[in-house]
Amino acid sequence: MLLNDDYNCRFMEQKDTPQGMQGKKSPLTIIVVAIVVIVIIAAGVSLYLNNQPAKSNKTVLTVNISLAPSEYAYYNSTLKPEFQQMYPNVTIQFTTQSASTVVSTLQAQEPTPTIDVVQQDNGFIGPLVSSGLVMNLTPYLSQLEPMNSSATATAANGSIIPAYYNEGNFSGTFYFFPIRGNVQLAYYNQSALNAISGTYSNVTAPTNVTNLKADMWDLNNYTTNDHHPYANPFNMMGHGGASTPTQVFQWMAEFGGNPMAFNTTGDIAALTFLQNMEKSGLMSPSNATGYWGSYKGLMSNSYQYINQWPYVTSIFANNGWNNTTIAPHNVTSGKELGLNYVFKGPNNTAQFIVGGDALGIVNNTPHFWAALHWIQFLDSKKVQIQLMQNLTWPVVNEAAYSTPSAQSLQFKLIKYEESNGIFRPAVPWMTQWDNYFDSAWSVIMNGGNVSTALSQAHSSMYHYLKIYYSGTAYPSEYQNGTIIPSGAYLGPKSTS
């Protein structure tokens, strides 16, 4: 159990009289003591029952999730029944409101929410914190999975990778607890690279910005029977929304920038590179609609390269695209899938953005104990292994990586990127940063001046912080460039 279940009987271990006292008690004393004991027992039992799962009353725990269809299906068909078997008095009910919609929904429901738990992308947890919609979980951390350290690494169910543990830590207070990580991997058409290798001698795995661009150039120019089968080979999540700023955040860091500032030298270099990919015809038209769910174009040959979240690995496999690094090469099938780390930047240094989901408990929920059990269930070693095996999720419980399933190439890539990853800072205004980036992205991909667009984004962000966070250190920290990614970040620590 999460809650202490032995305190209701501790008083029975105490003696009736102080040590050394002799003689019999009077009848009145016995009566008084008996009454006190009965009262204490009643109070203890009442306290105990109030802190335990209800044995007779049915509880409906409503959990808001935003998942891909294959992920939702697994939650609904597998995880939900498993949890309800463990806690038969709890019925899990899922809602699927978007990250932005759930904020306004919870605000409208105050102070009697109908949603109990939110599973939110870590880039969208800030508004829930700043709006006061989720509970402070700091007092309950000991009842959840421990952080991985020398003191806790031998915990029975495992331990949480420290960087993930701190995702929900806002100024020393924990509002969210991690459930899954996420890193992007490089997916590319190895069959296409094999096909052009007889024409171009410099074809290689696209592991850094130099050979990536060379490969895309060769694919774009390759001709057979007066046809360009691999035209516009490079795709990305260019639709805007959350997907584009998240992906380009990583690239700005890869080029040695500080994405939070928008307009450092490295930031400008990264966006100039992407604009040039568009101008030179290497960017796929699918870029305009690409987002976190895009992958089908690689299978249909409309583009040949994309960085994507790893849940698509199993989808590719189910459609006959073999991972060439773990399956025999089969050039004739035309379905060889290249799988690798996301490319390195101009200095051949890696910066891998780590995303993922975190779990928060809604303020004033009447089902707090059930919410805690749901979080504990999802972070347990058993469930984390299931998520890794069935959904190709990067997991947050270190113990899951000790299993044979984690020894495949895809999880070696995932674990490496997690270990060398960078995290967006836990600030409540991250979604506003996304909005200003999207505005700059639109200008840049339509041929606008890169430096001007990014400087405008920086100014807009600073102006916003001065208005809405005037009583905090955010405006001055932002202007001084001291708000930076965490983790294995290698870029500038200050712009002042």
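Look up: the structure comes first, before these words.
Model, not experiment: these values are computed from the prediction.

**Q** Got a sec to walk through the nonpolar core? Specific residues and values, please.
**A** Among the nonpolar cores identified, the biggest contains 67 residues, and L61, Y75, Y187, W374, L378 and L387 are the most heavily contacted of them. Broken down by element, this core gets its largest block of residues, eight residues, from helix α12 (residues 368–379). Beyond its immediate stretch of four places on either side in the chain, Y75 contacts I65, L67, K80, F94, Q119, I179, W374, L378, L387 and W393. Listed in part, the 58 residues of the second largest apolar core include L219, A270, F273 and A457.

**Q** Can you explain helix α2 (residues 69–86)? Please cite residues and give values.
**A** Helix length check: α2 (18 residues) gives 25 Å between terminal C-alpha atoms against 26 Å at 1.5 Å per residue, within 8%. Most pronounced at Y75, the bend in α2 amounts to some 35°. Residues E71, Y74, Y75, L79, E82 and F83 constitute the buried set of α2. The inward-facing, buried residues of α2 contact β2 (90–95), β3 (117–121), β6 (177–183), α12 and α13 (381–391).

**Q** Which residues make up unusual backbone geometry, and what are the values?
**A** Residue P111 is bonded to the preceding E110 through a cis peptide linkage, with omega at 0°. For P111, the location among the structural elements is in the loop between α3 (99–109) and β3. If you check the backbone angles, N232 has positive phi at about 50° while not being a glycine. With respect to the element layout, N232 can be found in the loop between α7 (209–221) and α8 (243–254). Judged by its relative accessible area of 26%, N232 falls in the partly exposed class. You will see that F262, though not glycine, has its phi angle at about 80°, which is positive.

**Q** An account of the environment of M461 is requested, with residue identities and associated values reported.
**A** Among the structural elements, M461 can be located in helix α16 (residues 450–468). Using a relative accessible area of 0% as the deciding quantity, one classes M461 as buried. On a C-alpha basis, the gap between M461 and Q432 in space is 7.7 Å, while along the polypeptide they are 29 residues apart.

Conventions adopted
- Residues numbered from 1 in each chain as written.
- Predicted model: local features only at pLDDT ≥ 70, side-chain atom pairs only at ≥ 80, totals over all residues.
- Heavy atoms only, no water.
- Core = buried A, V, L, I, M, F, W, Y, C linked by side-chain atoms within 4.5 Å.
- Buried < 20%, exposed > 50% of the residue type's maximum accessible area, 1.4 Å probe, protein only.
- Helix = DSSP H or I, 4+ residues; strand = E, 2+ residues; numbered from the N terminus.
- Contact = heavy atoms within 4.5 Å.
- Expected span 1.5 Å × (residues − 1).
- Bend = angle between axes of the 7 residues up to and from the residue.

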